[in-house]
Amino acid sequence: AALKIEPKPSGGLFRLPIDRVFTLKGFGTVVTGTAVSGSISVDEPVEILPAKINTRIRGLQSHGKPIQKVYAGQRAAVNLQGVEKEDLKRGDTLVSQGRFSPTDTIDAKVELLPGVPALKTRGLVHLHIGTSETVARVILYGREQLRPSESCYCQFRLQDPTVAQSGDRYIIRRFSPVETIGGGEVLDPSPSRRRKKHG
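Residues numbered from 1 in each chain as written. Predicted model: local features only at pLDDT ≥ 70, side-chain atom pairs only at ≥ 80, totals over all residues. Heavy atoms only, no water.

Tallying each qualifying case throughout the model produces 1 aromatic pair. For the pair Phe-156 and Tyr-170, a centre-to-centre distance of 5.3 Å together with 75° between the ring planes defines the contact as edge-to-face. Taken together, the positions of Phe-156 in strand E15 (residues 151–162) and Tyr-170 in strand E16 (residues 169–174) put the pair 14 residues apart, joining distant regions of the chain. The pair Phe-156 / Tyr-170 is uniform in exposure class, with both members buried. (Phe/Tyr/Trp six-rings, centres within 6.5 Å; stacked < 30°, edge-to-face > 60°. Helix = DSSP H or I, 4+ residues; strand = E, 2+ residues; numbered from the N terminus. Buried < 20%, exposed > 50% of the residue type's maximum accessible area, 1.4 Å probe, protein only.)

Here you go:
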């Protein structure tokens, strides 16, 4: 069956993966990105993850014009209140306050591209979701390795926490040399690990 590409959900919780952070004279810190779900308005409280910084939206712009509200699928520049540029980076996510938790474990379906090296369980990969990139250890379910063009279920254990929701698409790259080897879909962004939780 062909993969169905679902339209961006305009409902749901607001989430915008940050791709740029800069300072604008007279405005302070501005982040840019494309909203992947939900909507947000000027003066609404928001949170930046994984750093857990609470702030408020001072202003919104799309295509260089001020707007009052940003919707899913829309690219926007977001002016944040009282946040230092140094505290933010590409790969952070701007979200509705108090509604998301960063995760360091993700259950997913993974598929390898044809003609790439096999992926062994417990191997390290670069995992890309939204604008974030982190090194992750992959635990394949029920098998020792995944061969080119095959797919299976797995768990990623992330070096750096990220924000993900089920249905998110991701890609994986080899640890070294860095080249794209596959990708898939997030099934559960906060599964239980198959061992005692630390912390």
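On to the pattern of salt bridges, then. This model, assessed by the stated rule, comprises 7 salt bridges. For Glu-150, the salt bridge is made with Arg-147, and the minimal N-O distance between the two is 3.4 Å. Using a relative accessible area of 22% as the deciding quantity, one classes Glu-150 as partly exposed. Residue Arg-174 pairs with Glu-179 through a salt bridge whose shortest N-O separation is 2.8 Å. Residue Arg-174 is classed as partly exposed on the basis of its relative accessible area, which comes to 26%. (Salt bridge = Lys/Arg side-chain N within 4 Å of Asp/Glu carboxyl O.)

Turning to the state of the cysteines, a few remarks are in order. Applying the stated rule across the entire model yields 0 disulfides. For Cys-152, which is in no disulfide, the shortest distance to another cysteine sulfur is to Cys-154 and amounts to 5.9 Å. Judged by relative accessible area, Cys-152 falls into the buried class, the value being 8%. (Disulfide = S-S within 2.5 Å.)

Bringing the side chain of Asp-19 into the picture now. Summarising the element assignment, Asp-19 is placed in strand E1 (residues 15–24). With a relative accessible area of 18%, Asp-19 lands in the buried category. Side chain to side chain, Asp-19 and Thr-32 meet in a polar contact 2.8 Å long. Among residues more than four places away in sequence, those in contact with Asp-19 are Thr-32, Gly-33, Arg-75, Arg-90 and Thr-131. (Polar contact = N/O pair within 3.5 Å; in protein donor to acceptor, adjacent residues only side chain to side chain. Contact = heavy atoms within 4.5 Å.)

Moving on, we come to the sheet that holds strand E17 (residues 180–188). Pairing within the closed barrel is antiparallel, and its 6 strands lie in the order E10-E15-E13-E12-E16-E17. Ignoring which end each strand starts from, the neighbouring axes of this sheet average 45° apart. In the sheet, strand E12 (residues 123–129) pairs with strand E13 (residues 132–140) via 7 bridges, with the strands oriented antiparallel. The residue of E13 that forms the bridge with Val-125 is Ala-136. (Pairing = 2+ DSSP bridges. Axes fitted to C-alpha atoms, helices over the stretch in contact; angles between N-to-C directions.)

Before going further, it helps to examine the side chain of Asp-107. For Asp-107, the position within the fold is in strand E10 (residues 103–112). Side-chain polar atoms of Asp-107 contact the side chain of Gln-155, separated by 2.9 Å. Setting aside its immediate chain neighbours within four residues, Asp-107 contacts Tyr-141, Cys-154, Gln-155, Val-186, Leu-187, Asp-188 and Pro-191.

Quick look at the pairing of E12 now. With respect to burial, E12 is a largely interior element, 6 of its 7 residues being buried. The turn linking E12 back onto E13 is made up of 2 residues, and Gly-130 within it adopts a positive phi angle of 60°. Here E12 runs beside E16; their pairing, made up of 5 bridges, is antiparallel. Of the residues in E16, the one forming a bridge with Val-125 is Arg-174.

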